[in-house]
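Coordinate analysis (summary)
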Amino acid sequence: MAYDKVLIFDTTLRDGEQAAGAAMTTPEKLEIARQLERLGVDIIEAGFPISSPGDFEAVRTIAKEVRKPIITALAHANAAAVDRAWEAIKEARHPRIHVFLSSSDIHILHQLRKDREEVMGMAVSNVRRAKGYCPDVEFSPMDATRTDPQYLYAMLKAVIEEGATTLNIPDTVGYTTADEFTRLIQGIKANVPGIDKVTLSVHCHNDLGMAVANTLAAVKAGARQVEGCINGVGERAGNAALEEVIMSLKTRRDYFQVDMNVDTTQIYRASKLVSDITGFSVQPNKAVTGGNAFRHASGIHQDGLLKDRTTYEIMDPQSIGWPSSELVLGKLSGRHGLKARLNELGYQPSDPELNRLFEAFKELADKKREVTDRDLEALMSNQRRSFAETYVLDHVQVSCGNHEVPTATVRLVGPDGVAKTDAATGTGPVDAVYRAINRIVSVPNKLTEFSVRSVTEGIDAVGEVSIRIESEGNVSSAAEKATTP
Ligand code: KIV
Ligand code: ZN
């Protein structure tokens, strides 16, 4: 039996990018947008064009290149922002303008410094302006969950009359609870004339860890579009993790009684890609995509699984595209074998990429002998994040021990081809290396995160190092994978 469709709205490229340190380049955004298209999301929020020329360009590129989903651009409720949003998405096959404006008294008085009447006028005139460009217009009353419900109903009614086609209810500060949000959605459905003619959407933040639960409660109460980000990235504590919402709706279809257009087997790759590009690793115990999500450690559980997987597994790992850890390629495998397996995993490397991958694969196969799908995923991740190298790390030597001061010597070759060597001591070997690099590069910065984790299993596992650096207010992150020596 078919149920109502819930539309999946991905805002990884807009709200997700607002996370401190998650800035992405246009080619990276395009790569994510293409994966979101494969995942089958209905709407991609590609960015906020008025916020910067770079964002404008990224939205325009995605609008031109990614043709299946609706491509939306965010705009403040002012004429310049709406015009800029339209300019960026007008070549999309399915364009949407998303206008937002604060509706809570806290925001109206303290942030906008206006009154309710004036704000109502701004909502109406800018939805009207957006509608003049584009038939598909979404409106979000920001901070809706802390807004006087009567004022919220009036604002929603007014923008429906101006032609808004989707009304999105954001829990902007992650303040609401599942019960309270259910009542708000029910209240909107009961009190806003014309609400049954438009799509009711929700957008939940995760400040109290309730974004996914609140989103699901809203679906149960009748919302038919859900907004979120892959891996739950986003402003502050992030947005609802879209893969968790999707798998909840799918796994508990009996309870939620809704259907979606997504291909869930693309979830793992989407998660990997976003993590590789943003440099935000996925915590091992995270629902659906964490490294331990399908690992069963207890003997009782393992026993049950061997008898019947459904004893302890409510989702099939393959249903999210989890790569197998069975041996797939070895030392003697050739370029064709590698290419064929990568294609089976859904990757289409170009010839130069394949050449680089093949070299890295041979190096890995020499060390590991057996190369699994997860190893191939790790190789692909390295490939994705390619930087224009300013300095090349030519040599590094560290000495440390339980009675020694960690000391590193580093040689870097600069953009002018000149090699420079320096040495430093540190609180540990890694600190010593970074200090030596800093002495050569001379750019003031602070290392705010350094983590090492194992990506595959065993003594010859592939490990991943992620770092985050802050320099003059800019946050940069990177991740690199390599086999452990
Ligand atoms: O959280 C929020 O209120 C938003 C809006 C722009 C929809 O991101
Ligand atoms: Zn948001």
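What counts, and where the lines are drawn
- Position numbers for residues start from 1 in each chain and track the written sequence from start to end.
- All chains are assigned letters beginning at A, and all ligands numbers beginning at 1, according to the order in which they are written.
- For this predicted model, a pLDDT threshold of at least 70 governs which residues receive local features, and a threshold of 80 or more governs which side-chain atom pairs are given and counted, while totals over whole chains, interfaces and linings are taken from all residues.
- Calculation of side-chain values draws on the structure's entire complement of heavy atoms; hydrogens and water are dropped beforehand.
- To qualify as a helix, a DSSP run of H or I must reach at least 4 residues; to qualify as a strand, a run of E must reach at least 2; elements of each kind are numbered from the N terminus.
- We compute the radius of gyration over the C-alpha atoms and compare it with the globule rule, which gives 2.2 Å times the number of residues raised to the power 0.38.
- Summary of the burial criterion: residues with accessible area below 20% of their type's maximum are buried, those above 50% are exposed, and those between are partly exposed, where the area comes from a 1.4 Å probe applied to protein chains only.
- Here a strand pair is declared whenever DSSP counts at least two bridges between the two strands.
- For helices, the fitted axis covers only the stretch in contact; all axes are lines through C-alpha atoms, and the angles between them, taken along N-to-C directions, range from 0 to 180 degrees.
- Contacts were defined at the residue level, with two residues in contact if any of their heavy atoms lie within 4.5 Å.
- Take the buried residues of types Ala, Val, Leu, Ile, Met, Phe, Trp, Tyr and Cys, join any two whose side-chain atoms come within 4.5 Å, and each joined set is a nonpolar core.
- Just so you know, the domain bounds were taken from an automatic or database domain assignment.
- A single heavy atom is enough: if one lies within 4 Å of a molecule or strand, its residue is considered near that molecule or strand.
- Each polar contact in these results corresponds to two N or O atoms within 3.5 Å; when the atoms are within protein, one needs to be able to donate a hydrogen and the other to accept it, and residues that are neighboring in sequence are counted only if both atoms are side-chain atoms.
- Exposure was quantified through the Shrake-Rupley algorithm and a 1.4 Å probe, taking into account, for residues, occlusion by the shown protein chains and nothing else.
- Summed over both partners, the accessible area lost on bringing two parts together, with a 1.4 Å probe, is the buried area.
- Basic side-chain nitrogens of Lys or Arg form a salt bridge, by our definition, when they fall within 4 Å of a carboxyl oxygen of Asp or Glu.

Moving on to the overall build of the protein. Within the protein one finds 16 helices and 18 strands. The C-alpha radius of gyration computed for the protein amounts to 25 Å, which stays within 12% of the reference 23 Å derived for 485 residues, consistent with globular compactness. Each principal axis of the C-alpha atoms in the protein carries an extent, and together these give about 70 × 60 × 45 Å. For the protein, with 485 residues in total, the buried portion stands at 50%.

Here we come to the sheet that holds strand S3 (residues 43–47). The parallel closed barrel is built from eight strands, whose spatial order is S2-S3-S4-S5-S6-S7-S8-S9. Each adjacent strand pair in this sheet contributes to an overall mean axis angle of 25°, direction not counted. Where strand S2 (residues 7–10) meets S3, two bridges bridge the pair, whose relative direction is parallel. In the strand pairing of S3, Phe 9 is matched with Ile 43.

Bringing the sheet that holds strand S14 (residues 407–413) into the picture now. Spatially, S13-S14-S15 is the arrangement adopted by the three strands of the open sheet, whose pairing is antiparallel. This sheet does not close on itself; its edge strands, each paired only once, are strand S13 (392–399) and strand S15 (419–425). Taking each pair of neighbouring strands and ignoring which way they run, the sheet shows an average axis angle of 15°. Alignment of S14 against S15, held across seven bridges, turns out to be antiparallel. Within the sheet, the bridge partner assigned to Val 410 lies in S15 and is Asp 422. Where helix H16 (residues 429–441) meets the sheet, it contacts S13, S14 and S15, and its direction lies at approximately 135° from that of S15.

With that settled, the discussion passes to the nonpolar core. Membership of the largest hydrophobic core comes to 94 residues, with the highest contact counts inside it found for Phe 139, Ile 169 and Ile 188. When we break this core down by domain, the ones giving at least three residues each are domain 1 (4–278) and domain 2 (294–320).

Right, let's talk about the environment of His 301 for a bit. Within the secondary structure layout, His 301 lies in helix H12 (residues 299–307). Between the C-alpha atom of His 301 and that of Asp 276, which follows or precedes it by 25 residues, the distance is 32 Å. The contact partners of His 301, leaving out residues within four places of it in the chain, are His 296 and Tyr 312.

Arg 14, Asp 15, Leu 74, His 98, Phe 100, Ser 140, Met 142, Asn 168, Pro 170, Thr 172, His 203 and His 205 make up every residue found near ligand 1. Between ligand 1 and Arg 14, the relevant distance is 3.0 Å, taken from an oxygen atom to a side-chain nitrogen or oxygen of the residue. For ligand 1, whose unbound accessible area comes to 260 Å², protein coverage reaches 95%.

Right, let's get into the domain arrangement of the protein. Here the domain parsing of the protein yields domain 1 (4–278), domain 2 (294–320), domain 3 (321–384) and domain 4 (392–483). Between the C-alpha centres of domain 1 and domain 3 there is a distance of 37 Å. Contacts between the two partners involve eight residues from domain 1, matched on the other side by nine residues from domain 3. Here domain 1 meets domain 3 over a buried area of about 810 Å², counting both sides, of which 51% is carbon and sulfur. Of all residues in domain 1, Tyr 268, Arg 269 and Asp 276 give up the largest surface area on contact with domain 3, accounting jointly for 68% of the area buried on that side. Taken together, domain 1 and domain 3 are joined by zero salt bridges. For the pair domain 1 and domain 3, the interface holds one residue pair in polar contact (both at pLDDT 80 or more).

Our next topic: the pattern of salt bridges. Tallying each qualifying case throughout the model produces 32 salt bridges. Asp 207 is the partner of Arg 236 in a salt bridge, and the nearest nitrogen-oxygen pair spans 2.7 Å. Placement of Arg 236 in the loop between strand S9 (225–228) and helix H9 (242–251) and of Asp 207 in the loop between strand S8 (199–204) and helix H8 (211–220) is noted, with a sequence separation of 29 residues between them. Residue classification places Arg 236 among the partly exposed residues on the basis of a relative accessible area of 46%.

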